[in-house]
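Each chain, letter by letter, is given below.
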Amino acid sequence: MEAAAGVERGRIVVAVLLLGLCILSRLSSAKTFSSRLIHRFSDEAGERLAAGMSLHGAGGFPRRGSLEYYGELLRRDLRRQGSSKLGQGGRYDLLFPSEGSETAGLGNEFGWLHYTWIDVGTPNVSFLVGLDAGSDLLWLPCDCLQCAPLSSHDNSLDKDLSMYKPAESSSSKHLYCSHELCALGPNCESPKQTCPYTVSYYSENTSSSGILIEDTLYLASSGSHASKSSVQASVIIGCGRKQSGSYLDGIAPDGLMGLGFGDISVPSVLAKAGLVHNSFSMCFGEDNSGTILFGDEGAANQQSTPFLTYDGKYLTYIVEVERICIGTTCLGQTGFEALVDSGSSFTFLPDGVYQRVTAEFDKRMNASRSVYDGYPWEFCYKASSLEMPDIPKVTIMLSANKTFVVNNPIFNYYGKEGDLAGFCLALQTAGENVGTIGQNFMTGYRMVFDRENLKLGWSQSDCGELDNSTGVPSPHDRPENPLPTNEQQSSPGNRAIPPAVAGRAFLNSSSASPQHAFWRSPWRFLPLFFAFSVISAS
């Protein structure tokens, strides 16, 4: 009986299957059923949305072919992949010093650097620091044994300069020799010893030395990732107990902020903490004003050229100059490697390049040469406010055939009455194979030091995009002719400071032996390379 029942059930199943196939066959021969797929971002979907037939809920709808359209597609793709790369890189779009993003070139009395106010420590204290893309360390005058007299600038600034006192900051901590950023740890007597440093500079035995401290730097945020707010970042600070050379004569009396590639620099620390992209910009305005922005990756239409390495390492901001053009003539044998350095006031060319460039410039100048006794400028010309000759255009051709047009390759010279007396080509010979692109050639540009993508970016700018600054106080009395003479440059007691001296430094073998160096620059003549060296307990 059970066998017969099983056979009967099998017959029923077969009959049902045959009936189903018959029905499908008839349907397919009479009419095919289909369902049209409508892309959620298609034009038809948009029309249905407009008619109230929402396919994916209420809300905005990106126009097909728009950037928002493709952006939404990419976001959906990334969500499907389980990750979203959009918005990664930094918690904030931009960061800048809490007192504002504004910088200012303070002229001869302050060594021609650009400066900005920063707040450090708890409670916070303000410092007017020089900005230098050619070095790494942020150092401040601190528990001084030998520092520049801060009171000497009381009459030229709207705000007093300060001394950093770690003992009075509740957020300060000593950086010990065991710390990863103290490369001299193995040379210390004890891993619990406070890490010492020495920064040695090329010119006039200039240096800063002391100990390393970790403390709070106050910043402000800007951008779509967060509303404008206060941001506190823990950074490494050199407690500069002893300065020498030009740092006793006016350059960076209240400290220097290094912006280089090193792990100890402020841009590196902010990026490693995930606060911003590993990039920053400095803008140099025509009126000696400017801005500094951490995390800035530049304008969409900016040009860029890659940074160069040495022995496979990125040590500082070096780019390749393929040639220099004067007017419509691009000169042969004018290629070289150049350091892009905010700590150098003027631009320096290797000797052979300097000779070719200045000769072509002089040939195109329709003006009488003038010699200003005691000044180091070779190509100067007579002029007046009523008669200013045309200035040949100077163009730097960088690698990848990128064009950098120098907005103003000259500086004007004014007489005792304040009238225009002449001008000079603002170039100097480097005397070496590596040149320097200084502040004067970067004027009118937003310079982007994109360390994340290892390239230098630039775009024309008036440096006025961000209105967030409380302002950098400028000296009340700027001389009409602030350039130092040769005599002033060689006189240690004179208050005039030679331009670009802060931007030309190297590791002095007398102050740091090779085995004690934080790292030794392969180009000893490059601006503001530095090293940490062990300081004896005495």
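Model, not experiment: these values are computed from the prediction. (Residues numbered from 1 in each chain as written. Predicted model: local features only at pLDDT ≥ 70, side-chain atom pairs only at ≥ 80, totals over all residues. Heavy atoms only, no water.)

## Here we look at the overall build of the protein
Rules: Strands here are runs of E lasting at least two residues and helices are runs of H or I lasting at least four, both read from the DSSP assignment and numbered beginning at the N terminus. Accessibility here uses a 1.4 Å probe with only protein chains present; expressed as a share of the type maximum, an area under 20% marks a residue as buried, one over 50% as exposed, and anything in between as partly exposed. Note on contacts: a residue pair is in contact if any heavy atoms of the two residues lie within 4.5 Å. The method behind every accessible area is Shrake-Rupley, applied with a 1.4 Å probe, and residues are considered shielded solely by the protein chains displayed.
The secondary structure content of the protein amounts to seven helices and 27 strands. Counting all 538 residues of the protein, 51% fall into the buried class. The contacts in the protein between residues at least 6 apart in sequence include a share of 67% that link residues at least 24 apart. When the accessible area of the protein is evaluated, it comes to approximately 25,700 Å², of which 50% is carbon and sulfur surface.

## Observations regarding unusual backbone geometry
Omega for the bond connecting Thr122 with Pro123 falls within 30 degrees of zero, at 0°, which places this linkage in the cis form. Within the fold, Pro123 resides in the loop between strand S3 (114–120) and strand S4 (125–132). Not every positive phi belongs to a glycine, and Asn401 is a case in point at roughly 60°. Relative to the helices and strands, Asn401 resides in the loop between strand S20 (394–398) and strand S21 (402–406). For Cys463, which is not a glycine, the phi torsion comes out positive at approximately 65°. The buried category is assigned to Cys463, whose relative accessible area is 9%.

## A look at the sheet that holds strand S19 (residues 380–382)
As a reminder, the rule being used: Strand pairing is defined by DSSP finding a minimum of two bridges between the two strands.
Overall, antiparallel pairing links the four strands, which are arranged S18-S19-S23-S22 in an open sheet. Two strands bound the open sheet, and with one partner strand each, they are strand S18 (369–370) and strand S22 (410–414). In this structure, S22 lies alongside strand S23 (residues 420–425), joined through five bridges in antiparallel fashion. Each bridged residue has a counterpart across the sheet, and for Ile410 the counterpart in S23 is Leu425.

## Observations regarding the pattern of salt bridges
Put simply, the test is: We define a salt bridge as a contact between a side-chain nitrogen of Lys or Arg and a carboxyl oxygen of Asp or Glu at a distance within 4 Å.
This model, assessed by the stated rule, comprises seven salt bridges. Notably, a salt bridge pairs Lys159 with Glu99, separated by 3.1 Å at the nearest N-O pair. Of this pair, Lys159 sits in the loop between strand S5 (138–146) and strand S6 (173–174) while Glu99 sits in the loop between strand S1 (94–97) and strand S2 (102–105), and the two are 60 residues apart along the sequence. Among the salt bridges present, the one from Lys363 reaches Glu360, with a minimum N-O distance of 3.2 Å. Of the two residues, Lys363 and Glu360 both sit in helix H5 (residues 351–364), three residues apart, roughly one turn of that helix. The network of salt bridges with shared partners includes Glu360, Lys363 and Arg364.

## Focus: the UniProt feature "active site" (unreviewed entry) in the protein
The criterion, for reference: UniProt positions are given in the numbering used here, feature names are shortened, and annotations may be inferred rather than shown by experiment. Nitrogen and oxygen atoms within 3.5 Å of one another constitute a polar contact, given that in protein one can donate a hydrogen and the other can accept it, and given that sequence-neighbouring residues count only through two side-chain atoms.
Those residues carrying the UniProt feature "active site" (unreviewed entry) are Asp132 and Asp341 in this numbering. With the annotated positions falling across 210 residues, the maximum pairwise C-alpha distance of 6.9 Å places them together in a single cluster. You can see Asp132 is positioned in strand S4. Separated by 3.3 Å, the side chain of Asp132 and the backbone nitrogen of Gly134 make a polar contact. If you trace the backbone, Asp341 turns up in the loop between strand S16 (336–340) and strand S17 (347–349). Relative accessible area serves as the criterion here: at 0%, Asp341 is assigned to the buried category.

## Comments concerning the environment of Gly457
The residue Gly457 is located in strand S27 (residues 455–460) in this model. Gly457 sits 176 residues away from Ser281 along the chain, and the two C-alpha atoms are 8.9 Å apart.

## Re the nonpolar core
Note the threshold: Grouping buried Ala, Val, Leu, Ile, Met, Phe, Trp, Tyr and Cys residues that are joined through side-chain atoms within 4.5 Å yields what is termed a nonpolar core.
Formed by 70 residues in total, the largest nonpolar core has its most connected members in Leu138, Met257, Phe294, Ile324, Met447 and Phe449. Among residues more than four places away in sequence, those in contact with Ile324 are Thr329, Cys330, Leu331, Thr334, Phe336, Leu349, Val353, Val357, Val394 and Thr395. Within the second largest apolar cluster, 29 residues are counted, among which are Leu181, Leu184, Leu212 and Ile264.

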